[in-house]
Structures are given as structure tokens and as C-alpha cells.
Amino acid sequence: MMFNLDKASSLIHDSYTKRASKEKLESVFEKYASIDENGRKYMTPEDFVVKFLGLYRSASASSEAVHILASAVDLRKTGRISFEDFQEFEGVLTYCDCMYKLLFRMLDTNADGVISYSEFKTVASKMDLHRKMPFDFNCTLIDVYFGANKERTLSLAQFVKFLHDFHQEHSRQCFRNADKGGTGYITVTDFQNIMLNNRRHLLTPKVESFVRDIHMHEDTRRISFSFYRAFTTLLMNMEGLKRAYMHITKNDRKREVSEGELATSIMVASQLSPLESSILFRMNEILHGKKTMVYNDMNDLSPEHYFRVIETRLQEIKQFVTGERSILMSVLETIYRFSFGFIAGGTGATAVFPVDLVKTRIQNQRTNPSATGAMYKGYIDCFFKVLRNEGFFGLYRGLLPQVIGVSPEKAIKLSINDWVRDKFYDHKGRIKYRYELLAGGCAGFSQVIVTNPLEIIKIRLQTAGEVAGGSKVKARKLIKDLGITGLYKGVRACIVRDVTFASIYFSSYANLKKWFASKDGYNHPLSLLVAGTCAGVPAAALATPADVVKTRIQVIPRAGQTTYNGVIDTVRKVLKEEGPRAFTKGALARVCRSSPQLGITLFIYELLQRFFYVDFGGRASAGSAQALSQRRRLKPSNVDHVGGYAFAVPVFQGLRSKFGISFPHSDGSSPPSQPGPQSTDDD
């Protein structure tokens, strides 16, 4: 059985957002509906387009343009919009092919579900595109789609293909009209006029500057049709080139790609030719001053794609904030992060605390024959002995000071790491690996002011249960007995451990997040957990020797056990009495504790920032940009844009940004780009 494209009524069947409730839609509809007829309310085209969507200012709105746009909602073409029409269109806006349906409905003036030649010509003749350069409707393209006698009609699926071909034909006609002598060449001035007047929707500010100054960069006074067609095709297919780039670099947006690499990829994966690649890299060389490209370079040249506004606005160019923030905003952001750091850190620490206790007991166990006999045979033996001798809550000795200390420790570590990293990002959002290590090291160093007192109290409490019949030790008494100096015993070893750990961990986590991210740079929550857990393995293992030294210094030795005085003394004595393998004691337990703890901590920390997002003007966490930008972007400027209507303005604007389709204002000018839903992603 063959699928009949002629009868296809929809192109994509997957909805990308949740619809608004009928009650909410009724409330919004009644607010804007100005016609009350026999107890039923209706919206006029002006109510919908001007007042509700805000696509035009009322003073500048062309009545004809407003009626054409509103006809996409008016299913019965009565000149007014019922609630049923309003509700049905909200559902249409929740689907990925909504822009094509929108334009199809505008052209289907008699609401029979197909588009005739006369319907297309009537509406197309009113577009700015036709006004600036009249389209010759007596062309081969029209004949092959509508028939020589113009009696064929187009379904939605057929219309979508026709729409793309129509723009190619219009582009060709622009060139032909400028090429008066039929030489296959046009002047540079003609090329500029076509691009700036008829194809301006394809131009970013940088591409526009290239077009305006093309005579300064290219040693030619004429533009061939092959260059002209390749240039416009390139701009229309930048999204495909981005996908080719991501395929080449395996989703690494910072990798430099040469012209040869990209040309090979696009010839295999698309219909683009090496000429498009050559033009792309020539523009890049002129605009960016180099012969290779990264993803951000392509973004500078890529026209705004309407669907990115709806689903995945790629964030590289605008991810890094360059403006100054007020002190108040910085302080509020610090409090915000401290709060989430406390919750996340406390949860992570509690989840794996029994493993940490076992690790500490094993590390403190002496194997010197002159010392007291070994108490534990291994991790499992230690766990069950603690459980048997001290009860379930014995596994959580020292938990309270650990949880209390995690809040400032995590907040300091995360904020310092981010702050230092921000100082070393270049203008393309890249950071060298050595600076990632430096940022992590600074974070580890800064947290010692909190972690050293925390660690010594935790270790004293965790090892207190090893002495049978010993009195119960309380944190408050420990703090009083130790004093300020005692709380920072072993601080040098703590610095070595924390700097080593944090530098390895944060650099590994950042790169693993990038590795696990989707092609648009978004990290699924599960990928955050996996990245955080995996990054902890090398960090915890390589920092274990310093952790062993710190533990030996900070713990109170039992009778007959060796005492230590400082880092060097501890290293010498452990090497002499127990051998090098002693420095790996507790490595497995440390990995088993640190890896899941940090995975859970950062998982919760990042999710809290996504779910309770507040924009303090800082840099969004890498990998969470899609979730954050969706929340920021889809917050409409009009609170009445509920459900699918949150996408209405970007979709209507997409007619212009994707196809250059717009209608004159009352004064005959083209409508300016209207602001869509608020987006703090923009600079």
C-alpha cells in the first residue's frame, strides 16, 4: 500500500509542548473578543493580530495585511474568529510543521483544504517580496505545479515543496532581471541591491557587512550566476552545514575545521557543492581573520531560524556574559547558589556517608606489627563490624557537622571554579585545559578554610567508635578542645588533597558534560549524573595519597600507634613502616564514596537551578543552556499567550525570517521585526 502524499494533511505528528486548558483559553479569548452576537463572542482580525499577538501597532497596521494573517485562524473564512477557531489554532501551534500550516491556511482563501493557482497568485501578489521584485507567474515552475491550464491544486505536502522551489525561482528571476544582456553576469551593485532588498532575511549583520563591502574584498566587477546561486544556497542551508560540522567534530563545538574537511563532509551528506564551502570560508577569513572555523563562526553567518526560537536556540555566541553586573545581583546570586549548594551537598553527603566512614576507618588502620592488631579485614568486614558493634546510626557518626559544612564548602568550590573559568574564556567561549585545571585548583584551595575543620571533626567522630567502651564524643566538645589551631591541623595535606581533587574533577566534569551533551549542546539530567559520577573516579583515586596523609595527621592515635608531625614526617614514616601501598588505603572506598556523592551533588545542584531558575545576569551553566533558554525564551511578553500561543509570535515571524514573506504596512512599508517572547539569552 502506497502513501498518498496528495492527501497528506500534516507533515509532522509530534507535539513539542503541552496545550493550554479549555478554561484558560476561554478566559483569554473573552478578554480580547470585541464582538458579542447572540451571546457568543468573536474576535475581529484586529483583535487577534494587533491586540492579542501584538504583531503590529494599531496605527501602522494595514487592514489587508491583518486580515490575511488572521485568515490562518479563521477556518470558515467569515472575517471573524470564534472560540472554536481560537482553540483549534492553539493546537496547531504545538506542532513542528505549524509554520507551513499557517502559510497554507493564509493562501487557502476558500477553506477547501487545497491551494489553487488563483489563490496563490492573489495572496502572493500582496507580499512585499512581489512588490520589491514582481514575480513572473507565467513561468515553467507555475506550469509544472499547477499545470499549463492552471487547474491543478496543491495539498499541504505538495505546497511545502512548491514553497521552497518558488523561492529558488524568485531568486533566479531577480538575477535574470538584473542581467539585461543575458551574459550570465550581474554587476556588484546589482548583487548588493538584490541581497539587501530581496534577500535581506538571509543576512546576519556580519554577512550584510560582507555584501556591502564585497567590492573591497573580491577582485571582480561582476558576479556570475554560479556565485550568486551558491551564495544564496549557502545562506539557506546554514543549518545543514552546522550539522555537518557537528558530525565532523563529534559534537565538539570548539574544534577548528578546515575548508577541506567541511567540503568533503557536505558533498557526502548534502547537495551542497565545494563552491558553497569556498564562499563560506572566504567570508569567514574576511570577517574573522582566519582560515579555519569553529561553531560560533558559523553562527555569526547563519540567518535566524524560526524553529530555533521555538525549540533550541543555540547559545554559544550569547552564552558568555560580558556586561557588568551590580554588586547586589552578584550577592543575590551567591546566596542563591549557597542555598542550592547546601541542599545538594547535604543530600549527596548523606547518601554516601556510610561509605565515607568505612573509608576513614580503613585509612586509619595501622598494619605495623608494633601497633595494635588490625581491627578490620577489609571494607565489607569493617561495614558489618560497625553495624554490629555500633548499630545502624554508627554508620552515620559525624554526619551532622559534615552536612552543616557542605553548604559553604560546595558554594565556595562551585562559585570560585566558575569565576576563575570565566576569566579565561576567549571570545568564542573556549577555555584551554590548563586553565580548567587552574580554576579547579583555585576552587580546591579556597574551600580548605571550611573543609579542614570539617574533616578533622568528622574523622574524630568517625574513629571514636573504634575504642570499645569509649565515652561518646560530641562535635561541640571536640571544637572546644581543638580550638582554632587544632581545627586546622593537617591543613597542608588538606590543601594538597583538595587542590589535586578539584583540579582533576572540575576539568573532567566539564569535558564529560560536553561529551555527553546532545548535538545542540544540551545535557539530559541523566547525563549530568553520569558525568559527575565518572569525573569523580580519577579525581578521588589520584587524591587518595594526600587523603591518607591528612587522615593520619588529624586522627588521634591509639596506644602503641605511630604519631605523626606534619606532611613530610607522615610520608616518611608511612613509607618506612607500611610501604608505598599504604598510600592507596581507602582508595576504593574513596572512589565509591566520592564519585556517587559528587554525581548526586552536581545532579541535584544543576537541576535545582533549572527548576528554580533566576536570572542574575551571570553565565548559564554549560549543558543546561537549552533548559534555561526554553524557560527564559518561552516566557511570553504577553502573559495571555498560553499553551501553543507562547510560540505564535515566533511562528508568524518565521514567515519573514525563513521565507522573506511579509505584507506592507498601511504606509506601504514593510513591517519591522517585532519582538517575540522575551529572551534573556540575547545580549
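The coordinates are above.
Procedures and definitions
Residues numbered from 1 in each chain as written. Predicted model: local features only at pLDDT ≥ 70, side-chain atom pairs only at ≥ 80, totals over all residues. Heavy atoms only, no water. Axes fitted to C-alpha atoms, helices over the stretch in contact; angles between N-to-C directions. Helix = DSSP H or I, 4+ residues; strand = E, 2+ residues; numbered from the N terminus. Parallel < 35°, antiparallel > 145°, perpendicular 65-115°, else oblique. Contact = heavy atoms within 4.5 Å. Nonpolar A, V, L, I, M, F, W, Y, C, P; charged D, E, K, R; others polar. Core = buried A, V, L, I, M, F, W, Y, C linked by side-chain atoms within 4.5 Å. Buried < 20%, exposed > 50% of the residue type's maximum accessible area, 1.4 Å probe, protein only.

1. Describing the packing of helix α5 (residues 98-107) against helix α9 (residues 156-178)
Two numbers describe how α5 lies on α9: the axes approach to 10 Å, and their chain directions differ by 95 degrees. Classified by the angle their axes make, α5 and α9 are roughly perpendicular. Contacts between α5 and α9 pair Tyr100, Lys101, Leu103, Phe104 and Leu107 from the former with Leu156, Phe159, Val160, Leu163 and His164 from the latter. A per-class count over the contact of α5 with α9 returns eight nonpolar, one polar and one charged.

2. As for the nonpolar core
The biggest cluster of nonpolar side chains holds 65 residues, and the ones touching the most others in it are Phe48, Phe86, Phe89, Phe120, Phe159, Phe162 and Tyr645. Considering each element in turn, this core owes the most residues, eight residues, to α5.

3. Let's talk about unusual backbone geometry
The phi dihedral of Asn38 falls on the positive side, at around 55 degrees, and the residue is not glycine. The topology assignment puts Asn38 in the loop between β1 (35-37) and β2 (40-42). Asn38 sits in the exposed class, given a relative accessible area of 78%. You will see that Lys77, though not glycine, has its phi angle at about 55 degrees, which is positive. Position of Lys77 among the secondary structure elements: in the loop between α3 (63-70) and α4 (83-92). The exposure class assigned to Lys77 is partly exposed, which follows from its relative accessible area of 25%.

4. Things to note about the environment of Leu53
Examined against the element boundaries, Leu53 turns out to sit in the loop between α2 (45-52) and α3. Judged by relative accessible area, Leu53 falls into the buried class, the value being 5%. Measuring from C-alpha to C-alpha, the distance between Leu53 and Tyr645 comes to 8.7 Å, with 592 residues separating the pair along the chain.

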